[in-house]
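# Residue-level structure breakdown
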Amino acid sequence: YSEPFNYDSQDLALSSFNLSLANFADFDNSYGSIKFLQNSADSLICIQQNKMSVIPVGRNIIQYASDNADLVASNNVLGTPQYMAGNYGCDDNPESVSIRFGRVYFSDIRAGKVLAFGASGIEPISEKNMDSFFSKKFADATKYTSAVDLNSGYDPDNDEYLVSINDIYNSSVLVTYSGGSTTAVL
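Residues numbered from 1 in each chain as written. Predicted model: local features only at pLDDT ≥ 70, side-chain atom pairs only at ≥ 80, totals over all residues. Heavy atoms only, no water.

On to unusual backbone geometry, then. Unusually for a residue other than glycine, F101 sits at a positive phi of about 50°. Note on placement: F101 falls in the loop between β6 (98-100) and β7 (103-108). Even without being a glycine, D159 presents a positive backbone phi close to 55°. Looking at where D159 falls in the secondary structure, it is placed in the loop between β10 (149-155) and β11 (160-166). Among the residues examined, D159 registers a relative accessible area of 42% and is labelled partly exposed. (Helix = DSSP H or I, 4+ residues; strand = E, 2+ residues; numbered from the N terminus. Buried < 20%, exposed > 50% of the residue type's maximum accessible area, 1.4 Å probe, protein only.)

Here it is in structure tokens:
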């Protein structure tokens, strides 16, 4: 992306860039800063503070007025981001993001939800019998501090997504999600 460089020249042109050809993209900053970025085959998974998007690499998405979309080849490195429904992101907790077999799990403290993203879009998995529990736990955790320790991981032996929430009293709760049910261990 720099100016052409001639090895026989005394002038160094590798620091001269044509910004119209640059390999960067600007994202909507109303959704906050980018907190998590992960390669996913032919796209990037991008989670900002308040929104999740999928960015095609080497392709572009053409959106029609009828809400249909087509994927086409492009010379651009990064295509147009496809923002997911709902204002869900990972806030300031990128450590809450776990990926297993193409499924992305993350927690949004501001919304009080634990979410999963897959082929069918974003699914608030905390709404399966645990919605009020997470809303209360996340609200309690952020009541006195903005830095919440929210770690997560995936247990392949038990096929469970695990969320650990530490509050200011150093008490913690471990929540597991498996298949369609969510349980909490205090």
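So, about the pairing of strand β1 (residues 34-40). Both faces of the sheet carry side chains from a regular strand, because those side chains alternate between them. The sheet contact formed by β1 and strand β2 (residues 43-48) spans 6 bridges and is antiparallel. Looking at β2, one finds that S40 is bridged to S43. Here β1 folds back onto β2, and the loop between the two strands holds 2 residues, one of which, A41, carries a positive phi near 60°. (Pairing = 2+ DSSP bridges.)

Honestly, it's all geometry; don't read function into it.
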